[in-house]
Amino acid sequence: IVATPLLLLPSPCSTIALEELRYLYYNMSNRQGEMSCEAGSRNLRHHLQKQISLRTERRLCGRTHEEALLVNSYYASLTTNANSPATKIIISGESGMGKSVLAETLRQSVSEDDGFFIRGKFDQSLEYGSAYSVIASAFDEFIYILEKRGDASWNEVANPLRHEIHKTDHRQILFEAIPSLRRIFEGRRGGATVCIGGSSSEDLSNSNRSLNETTAEVRSSHTKLHYLMKKFIRIVSSVGDPIVMLLDDMQWANASSLDLLKTLMLSARNPFIFVFTMRPVQKDHPFYQLIYAHEETPACLTEIELRGLSEDAVCELTSMQLGIHESKSSRCRPLSDFLCRVTNGNPLYIRQQIISLFDDGMLCFDGNEWTWNIAAIERAGMLSGDIASMVSDKIKRLPPHSQNVLKICACIGAEVDFNILGILVRKTSEHYKSDGNDNDNETIARREIATSVQEGLVVEKDNGVAFVHDAVQGAAYSLLPADEIPSFHLSLGRILQKNLNSALLQRYLFTVANQLARGRNLIPEAERINAIHIFLRAGDEESKMAAFVEATFFYEKGLSMLLDQDWRNHYRLSCEIHMRTAEIAVLNGAYDDVDRLLDVLFLNTKGSVDDQLRATYIKVKKFASLEKAGEGFDCSIQALDSLAGVKIPTRNVTMHSLIALAKTRRLLKGIDVTSILKRPPIVEKHMKTTLRLLNLLATLSVNGRTEMLPLIVFMIVQLNMKYGLSTAMPTGGIFIAIVFFALYR
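Residues numbered from 1 in each chain as written. Predicted model: local features only at pLDDT ≥ 70, side-chain atom pairs only at ≥ 80, totals over all residues. Heavy atoms only, no water.

Caption draft 1: Region of the structure containing the pattern of salt bridges. Counting across every chain of the model gives 38 salt bridges. Close ionic contact of lysine 283 with glutamate 303 constitutes a salt bridge, the shortest N to O distance being 3.9 Å. With lysine 283 in the loop between strand 4 (272-278) and helix 13 (286-291) and glutamate 303 in strand 5 (residues 301-306), this residue pair connects regions lying 20 residues apart in the sequence. Judged by its relative accessible area of 40%, glutamate 303 is partly exposed. As a salt-bridge pair, arginine 528 and glutamate 525 come within 2.9 Å of each other at their nearest N and O atoms. Of this pair, arginine 528 and glutamate 525 both sit in helix 26 (residues 525-544), separated by 3 residues, roughly a single helical turn. Taken together, the shared-partner salt bridges in this structure form one network comprising Asp540, Arg572, Glu576, Arg580, Asp611 and Arg614. (Salt bridge = Lys/Arg side-chain N within 4 Å of Asp/Glu carboxyl O. Helix = DSSP H or I, 4+ residues; strand = E, 2+ residues; numbered from the N terminus. Buried < 20%, exposed > 50% of the residue type's maximum accessible area, 1.4 Å probe, protein only.)

Caption draft 2: Region of the structure containing the environment of asparagine 588. Secondary-structure assignment places asparagine 588 in helix 29 (residues 571-588). Judged by its relative accessible area of 34%, asparagine 588 is partly exposed. Sequence-wise, asparagine 588 and valine 549 are 39 residues apart; in three dimensions their C-alpha atoms are separated by 7.6 Å. With residues near it in sequence (within four places) discarded, asparagine 588 still touches Phe548, Val549 and Thr552. (Contact = heavy atoms within 4.5 Å.)

Caption draft 3: Inspection of the packing of aromatic side chains at higher detail. Applying the stated rule across the entire model yields 12 aromatic pairs. Taking 4.7 Å as the distance between ring centres and 45 degrees as the angle between the ring planes, the aromatic pair formed by phenylalanine 116 and phenylalanine 142 counts as tilted. Of this pair, phenylalanine 116 sits in strand 2 (residues 116-121) while phenylalanine 142 sits in helix 6 (residues 133-148), and the two are 26 residues apart along the sequence. Ring geometry for phenylalanine 272 versus phenylalanine 274: centroids 4.8 Å apart, planes at 40 degrees, classification tilted. Phenylalanine 274 sits in the buried class, given a relative accessible area of 0%. Among the aromatic residues, those joined into a cluster by ring pairs are Phe272, Phe274, Phe276, Phe287, Tyr288 and Tyr292. One cation-aromatic arrangement involves arginine 692 over tyrosine 617; the distance from NZ or CZ to the ring centre is 3.8 Å. (Phe/Tyr/Trp six-rings, centres within 6.5 Å; stacked < 30°, edge-to-face > 60°. Lys NZ or Arg CZ within 6 Å of the ring centre and 35° of its normal.)

Okay, here's the thing in structure tokens:
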């Protein structure tokens, strides 16, 4: 009569739930004439689903030793010196072993100690996205908890942060990586945070920030970000309350997140505790290399490996799920032994197998208790396959439109905002029909995902929906035929690109870019250029956060779609994406790629002095990175002469330096610093690039051509006084001050 998956009945509630089940069964039996069996089953399922969810695990089974080890490590960290390195705890095990559930058991202890338990989860489908989004989401939770504690706790963190990090440009670097920090520095509490900052304009000339001024300073921004995060984490961890940061699924962590995590781990002090969960990986995995890279780490490292449950633990879990009292758990022994044998003690697999037994009529409720025929189950041999196939079978039993919604969610990520899910459902589901009153995307998304929520496959969150386990996401994704995966991703990306306004497109930029990237080989010619623009913008956002690997991913996707004729029809786009890819390649140390990209740039930018100078600047940066200052110096001198008309003598340097000094003194005579600072910024693009190249040349001259430094700096000052102020002026100003001080002294 009852057709519902009984996933988990928390032990304290088992008796109550069983009594409710009996009550419902009794009512259904007495009302056979009033409702169909199917309707009665739906009512009962709806009632039970309020209490039972794949995600609800109020009590661990068979993990007493591991839980004790985890809790002891937590309390041990609280007793160590405050200046000790932060504690690290790694929980490893196969999918479904309960790693996250075990880690979550710390939440109550942390709460009782007035601490912060914050969490982030890496997503297998978003290897390339907002570089620090997982770490940022954890600190979002930190700030949310801090807000709830009142003014005293808020000011205890906010005031020292504002004092230590007071420069506007430094704060902006932090905001790019962790947007919610803006609330602390700007005194705004309870405000919403957009995941991606920056302009929403699609005009390439405006979004340029240009390589001239922004991406050229990416390395500096990267260094500053890590320096600022050191300050931030030291202040936060010095407050005194314990902070436990749980980061799930480290096997999927991206390179930039690991890089920032290294800074956090080295800078944090007790009572800051890092808890990591991950599937088994080789010891040469980047995460393990990070963990074991420092000598002090092993002393504050705890490793917990979760293996399959024992037969006794499986019996306990089975009894708990079926609402059987502990005193009668022996009745479950034949069934639990069978489940233990076929699942290798995997808790998630056990729960799914119980559901399958019930759905196939081999587990029944007789009005008083659950019954089964173990001999029949053994003969059926139905318990085969892995977790993914089990969940896939369950999803296939859903209505087609519910399957389609789950496929969409699986392609987008582990969590999906209702806003974009509603749009995608409208445009992809044949089942969807508007009733004229549901124009709200959130309403549509909630309605279409409701069946999956009731089945315990996904769970609603504040503004969206999340898979209850990555195995469910993987199972939903596996329903897509392999040859249709690229086209399905592309269709989602195209829908979002066409239906999101400029502000929302900026907010969900990485979602759109990832979908287009997975189907880029199928993008039609009419949409090719727009897709390249999306990849360029996504790469720019990663560059702003100094996420080199992720920026390269998006830039290269755009490059792969360019055609030779685009240099004629879309010159600026072709030039910018080559420039930025080359700049990032220098920072990544991919020098062969730099040479290849520069060959293309020098060949196709002959009509633009500014672009030729920019390409030269990148070439000189490559020489500097390779510690070939001499070659970089000669390259700069030649380019400045032939392209910018700026001649820097390399003979009789002392004489020319004295002449340049005299000229500079005449230019600056009677002009004070305030007047100089009020000068307008430089306008001519090629002159901006010329001064940047001169600034780099001044740096190179320090390493081997020191006699040239005064002449170069005087040239920088003269050009700034003639054309307007540029970012190169501080270099010239400082040197001039030193020279004048020496002369007047």
